[in-house]
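Coordinate inspection notes
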Amino acid sequence: MLGAIKSHLAAQGPVDVFESSEKNRGRLENRYVALYRKPLWVPPQWKGIQRVVHVRRCGNRPKTGAFGQGHYFITSLDTNDAAMIAQGIRGHWQIENGLHYVKDVNFGEDRCRINVGQAVEVQSMLINIAINIYRGLGFRSIKKGTIYYANKVKELSELLHADRITNFKN
């Protein structure tokens, strides 16, 4: 299927292209987002597809050197605005990096063996609450917030019962 998509994209030009560069965490990253019309041979499970998106990312990391990656997406959005699609994809990864990564690295969520009833959902909600508390209290690093409160159970308990927790600054 991927080969057929690549052939389709090579045979037609993109309807729109968006390029951006960003320096973040000591690395320079270039993004190229190309938006294509849907193929004529859309598989039945892709009902509603309107566009195919090809994203290329390349850059240079200080420790590991040059990198390059390509990704393909399908969307039901009938748009010719590659910049809007690029923003949506970046927004998804900001959520992934800002929440899911934090939950896994700081709280070991992917290694957790809890699997009975709704315990998984309850644990996930409690982790989200902890993350929101730390961020609301001004901790830019969830790890630092966790370390700060690790041996301050009384202070944390008082905080959880205070009005302060519902009045976070935005």
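Going by the structure above, here's the rest.
Residues numbered from 1 in each chain as written. Predicted model: local features only at pLDDT ≥ 70, side-chain atom pairs only at ≥ 80, totals over all residues. Heavy atoms only, no water.

As a further point, take the environment of valine 17. Position of valine 17 relative to the elements: it lies in strand S1 (residues 16–24). For valine 17 and lysine 47, which are 30 residues apart along the polypeptide, the C-alpha to C-alpha distance reads 24 Å. Beyond its immediate chain neighbours, meaning those up to four positions away, valine 17 contacts Tyr32, Val33, Ala34 and Ala82. (Helix = DSSP H or I, 4+ residues; strand = E, 2+ residues; numbered from the N terminus. Contact = heavy atoms within 4.5 Å.)

What follows concerns a nonpolar patch on the surface. A contiguous nonpolar surface patch, about 380 Å² in accessible area, is contributed by Val122, Met125, Leu126 and Ile129. Tracing the backbone shows methionine 125 in helix H3 (residues 119–136). (Patch = residues over 30% accessible without salt bridge, like charges linked within 9 Å, V, L, I, M, F, W, Y side chains within 5 Å. Areas by Shrake-Rupley, 256 points an atom, 1.4 Å probe, with all protein chains shown as cover. Salt bridge = Lys/Arg side-chain N within 4 Å of Asp/Glu carboxyl O.)

Glancing now at helix H4 (residues 142–149). For H4, the set of buried residues is Ile142, Gly145 and Tyr149. Down the axis of H4, the buried side of the element spans an arc of 60°, and every buried residue falls inside it. Residues Lys143, Lys144 and Ile147 are exposed on H4 and point more than 90 degrees away from its buried face. Regarding H4, its N-cap is serine 141, as a side-chain oxygen of that residue lies 3.4 Å from the backbone nitrogen of lysine 143 further along. (Buried < 20%, exposed > 50% of the residue type's maximum accessible area, 1.4 Å probe, protein only. Arc of directions from axis to C-beta. Polar contact = N/O pair within 3.5 Å; in protein donor to acceptor, adjacent residues only side chain to side chain.)

Another point: the side chain of arginine 57. Take arginine 57: it is sitting in strand S3 (residues 51–61). A polar contact of 2.5 Å, which involves the side chain of arginine 57, links it to the side chain of glutamine 69. The contacts of arginine 57, once residues within four sequence positions are left out, are Glu29, Asn30, Arg31, Phe67, Gly68, Gln69 and His71.

This brings us to the pairing of strand S4 (residues 65–75). Inspection of the sheet shows S3 paired to S4 by 11 bridges, in the antiparallel sense. Bridging across to S4, histidine 54 finds its partner in tyrosine 72. (Pairing = 2+ DSSP bridges.)

Let's shift gears to the packing of aromatic side chains. The final tally for this structure, using the stated rule, is 5 aromatic pairs. Between the aromatic rings of phenylalanine 139 and tyrosine 148, the centroid separation amounts to 5.7 Å while the plane-to-plane angle is 45°, which identifies the pairing as tilted. Residues phenylalanine 139 and tyrosine 149 carry aromatic rings whose centres are separated by 6.2 Å and whose planes lie at 70° to one another, so their mutual orientation is edge-to-face. Note that phenylalanine 139 is positioned in the loop between H3 and H4 and tyrosine 149 in helix H4, a separation of 10 residues in sequence. One residue, arginine 56, lies across the ring of tyrosine 32, its end atom 4.3 Å from the ring centre. (Phe/Tyr/Trp six-rings, centres within 6.5 Å; stacked < 30°, edge-to-face > 60°. Lys NZ or Arg CZ within 6 Å of the ring centre and 35° of its normal.)

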